[in-house]
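Structure at a glance
Each chain is listed here by its residues.
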Amino acid sequence: MAKQRRSPRAQGRDNRHAADAPRAGERALTAAVFLYVVARLAASVFVEGPSRLWGIDFPRYMLGEADILCALLLPFTAFIPTLRRGIERALAYPLAPMLFPRLRLPAAVVAVIVSVALTQMLPVAYAFLGDGAYYAGEMYRVISSPDYMPAFLKPTSWLAGETLRAVGIGFRPADAGVPFALVGSSCAALLTLALFAFLRRERKPLATLWCTAVLGSAGILLFFGYIELYAMPYMFTLVYFLSVWAVFRFETPVWIAGVPLAFAVASGLPAAFYIPSYLFLLSIRIGPNMRGLTPARTAALLAALTALVPAVGYALSGVDAPDGFLVPIVLGENAPHVRTLLSPDRLADIVNALVLHGGPFVFALAAFLVRPGKDGLFREPIVLFALVACAGGAVFLLTGNAALGLARDWDLAAVPSFAFVFLAIALIGVAHERGSLSLPRVLPLLFLSALSASYAWVRLNVTMGSGSSAAAARLEDIVAADRASVLPVHTYTALENLRLYYHARGDGGKERALLEEMAGTGHLVLDTYDKLIAAAGAVRDPVERRAAFENVFTRLAEEARNGVMDDGRRNLHELAARAVLTAVQCGESVLARDAFGNFRRVFPSWKEAPLVEVFLEPGLALTLLAARVSAAVDTTTRDAALLGAAARVLAGSGDAPKAALLYERAIEREPGRYPSLYLELARLAAEDLRDEQRAYRALRACTRDARGTPEAARAEGMLRARGHHP
């Protein structure tokens, strides 16, 4: 049959319909990203007080800063016609590769240098820990311990922990945060190199899309000297998705994608939920119709198998999840959680984590999900791969990580969240290749939105300007909002993070107030009083110090009346003795005597009382001193300060051998906490016992356990004076 000729009007109508298709896709994507921009602006300006919008409302804590206001308004410049057309023309310029071949290597070198420089120039406040030095120092106490177990603090972060341990022990820098900064810089450099390696043949619009996604994910903050273990797993996760993109786009060997995935799993166990996505990738390469399975059916099967992992866990442990790894479906009598699987607060936290890490890309998914399957986008192999990866990420976010929502596990959520960003990349890339949207037209808004979000997040958390204090205020609001829906242990941990920030800042009043609030949670009560005693002793103003000690004495006596004598880590009798001794050392002898008499009435028996009397009654005979110390301190004494005080008394009374044993026991009990004990032991061993080897061991231990302190510097000088290399 002869083909019927169409009229010019009909042909023009068809051409208009063809042109309307990409415009419709661009309008939907632009509207979704614009909604994200407006939502962030509205949440920053109009939301007051504690809220459950910590994925988008964090800029409001710095809204008075001019740069933050500029960052919030930056995406709107994408609608300036001249700017938009300029970016579109630059992205549409017909260069096939990302850069000219001769410029790739110099550009990669420059980019690596810039990324490493940024990690060193922008010290992260760990959201609310000041400069992080205190937290890093506590970690060093663990990795320096003789009974250190493989897996640095967290068994699920084996490779990351071992790497940090090797760097810390190998270099032993005075600044405890240096190993974290070195690891973060290395991760930033490797990610930058991966971008150049896997996108070297990619066209500029798609390469820019990828760079926008990496820049726009808040998890990129993990590289900026971050005092935690998530830089390595997050970096390897990003490299895994980059390599998968290269496998689909450029026929890259499939085994290459398995290497970063293996390292990601070894660095952070949550990345194991991406193993099914790699199995899907293998199935595509082995044969798309192997055993009659289409790619879509294979993807559905692997996603279902991923969901079976927590299902088996629930079957083995019960729906109340007493093992602590799964969020309970229902609350049992002994369930270590408050939130259940589908509780509104928990679902809100998951959405917040996705928005925080994905930002405009998570919103962009709505542009495709509102009309799924109409043009076959969701049947493309790379999109199916992304859906399998999203299934793994969703299973982990939904069923794992019981504490998510305290704004301290946003970093753990970075690894499973990037799958959703990759899904957006895949959908946008396929739509662009098919011609259903023009990527250069939507990239300006997408890029500026991602840049705006990342700048605000980094600005909130770095130790410059009002950033760290704004992060602390943000956490205080979140703790207030979450207090009724989380366990006391979670409230305690959040308050402890805040305390460490104010400790690093030197705000003793705020620190003591938080310690009192922490004691009220009922979790690690005596350990909290241990810190409260130290905080009271650090007060400079006499009136304020006296009030602080009075508060401590009153609270300790009240705890004794309530029957809180031991929590497995601290003993109330020893704490009371140390509180009185600390007050004496600070010049509050009158107050200390009154408190001592009160404790004698409160405690039915008080083994440590004779040691306190030694300091309250100066001028006792040497034989009486030794007898009282022997009665007060024995092998069951836990408090290192009491052991050290007893050692000083015995050293002064002439019993050097026993004093040395008590010094060593105190150091063993709490390595690095009291650096002066190392120097006192070294002096005692060298001058009284004539044991140079013992003195040498004490000085070496001081340089190891108390790095960065004046005592460690003195120990190094003493070692050099004795002809030893520190």
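For the structure itself, consult the block above.
Because the structure is a prediction, the values reported are computed rather than measured.

The subject of this paragraph is the environment of Phe378. Position of Phe378 relative to the elements: it lies in the loop between α14 (360-369) and α15 (381-399). Put simply, Phe378 and Val430 are 52 residues apart on the chain and 9.7 Å apart in space, counted from C-alpha to C-alpha.

Quick look at the packing of helix α29 (residues 675-688) against helix α30 (residues 692-705) now. Close contact between α29 and α30 brings their axes to 7 Å; oriented N to C, the two are set at 165 degrees. With respect to α30, the axis of α29 lies roughly antiparallel. Where α29 crosses over α30, the handedness of that crossing is left-handed. Judged by residue contacts, Pro675, Tyr678, Leu679, Leu681, Ala682, Ala685 and Ala686 of α29 engage Glu692, Arg694, Ala695, Ala698, Leu699, Ala701, Cys702 and Asp705 from α30.

Turning our attention to a nonpolar patch on the surface. Together, Leu301, Leu305, Leu308, Val312 and Leu316 line one region of the surface with nonpolar side chains, adding up to about 490 Å² of accessible area. As for its placement among the helices and strands, Leu308 is situated in helix α12 (residues 295-317). Relative accessible area serves as the criterion here: at 45%, Leu308 is assigned to the partly exposed category.

Here the structure, examined in full by the defined rule, presents 25 aromatic pairs. On the numbers, 6.3 Å between centres and 35 degrees between planes, the contact of Trp210 with Phe418 is tilted. Taken as a pair, Trp210 in helix α8 (residues 204-216) and Phe418 in helix α16 (residues 414-434) lie far apart in primary sequence, 208 residues in all. Just as Trp210 is buried, Phe418 falls in that class too. On the numbers, 5.2 Å between centres and 25 degrees between planes, the contact of Phe236 with Phe263 is stacked. Note that Phe236 is positioned in helix α9 (residues 231-250) and Phe263 in helix α10 (residues 255-267), a separation of 27 residues in sequence. Joined through ring pairs, the aromatic side chains of Trp210, Tyr234, Tyr240, Phe241, Trp245, Phe248, Tyr274, Phe385, Phe418 and Phe422 make up one cluster. In this structure, Arg60 is placed above the aromatic ring of Tyr61, and the distance from its NZ or CZ to the ring centre is 4.2 Å.

Turning our eyes to something else, we now look at the packing of helix α23 (residues 572-585) against helix α25 (residues 609-616). Packed helices, taken two at a time, are described by their axes: the angle between them and the distance between them. Taken N-terminus to C-terminus, the directions of α23 and α25 make an angle of 10 degrees; their axes are 10 Å apart at the nearest point. Between α23 and α25, the angle falls in the class roughly parallel. Two secondary-structure elements touch here, α23 through Ala577, Val580, Leu581 and Val584 and α25 through Leu611, Val612, Phe615 and Leu616. A breakdown of the residues in the contact of α23 with α25 according to their chemical character gives eight nonpolar, no polar and no charged.

Turning to the pattern of salt bridges, a few remarks are in order. Side chains carrying opposite charge are able to pair once their charged atoms draw close together. Summed over the entire model, instances satisfying the criterion amount to 37 salt bridges. Linking Arg459 and Glu65 is a salt bridge whose minimum nitrogen-to-oxygen distance equals 3.5 Å. Linking Arg459 in helix α17 (residues 439-461) with Glu65 in the loop between α1 (8-46) and α2 (66-73), this pair joins segments that are 394 residues apart in sequence. Judged by its relative accessible area of 7%, Arg459 is buried. One salt bridge connects Arg673 with Asp530, and the closest N-O pair in it is separated by 2.8 Å.

Our next topic: the environment of Leu526. Tracing the backbone shows Leu526 in helix α21 (residues 525-537). Among the residues examined, Leu526 registers a relative accessible area of 0% and is labelled buried. As a C-alpha pair, Leu526 and Asn571 span 45 residues in sequence and 7.1 Å in three-dimensional space. The contact partners of Leu526, leaving out residues within four places of it in the chain, are Val564, Met565, Asp566, Asp567, Arg570, Asn571, Leu572 and Leu575.

Conventions and cut-offs
Residues numbered from 1 in each chain as written. Predicted model: local features only at pLDDT ≥ 70, side-chain atom pairs only at ≥ 80, totals over all residues. Heavy atoms only, no water. Helix = DSSP H or I, 4+ residues; strand = E, 2+ residues; numbered from the N terminus. Axes fitted to C-alpha atoms, helices over the stretch in contact; angles between N-to-C directions. Parallel < 35°, antiparallel > 145°, perpendicular 65-115°, else oblique. Left-handed = near helix turned anticlockwise from the far one by under 90°. Contact = heavy atoms within 4.5 Å. Patch = residues over 30% accessible without salt bridge, like charges linked within 9 Å, V, L, I, M, F, W, Y side chains within 5 Å. Areas by Shrake-Rupley, 256 points an atom, 1.4 Å probe, with all protein chains shown as cover. Salt bridge = Lys/Arg side-chain N within 4 Å of Asp/Glu carboxyl O. Buried < 20%, exposed > 50% of the residue type's maximum accessible area, 1.4 Å probe, protein only. Phe/Tyr/Trp six-rings, centres within 6.5 Å; stacked < 30°, edge-to-face > 60°. Lys NZ or Arg CZ within 6 Å of the ring centre and 35° of its normal. Nonpolar A, V, L, I, M, F, W, Y, C, P; charged D, E, K, R; others polar.

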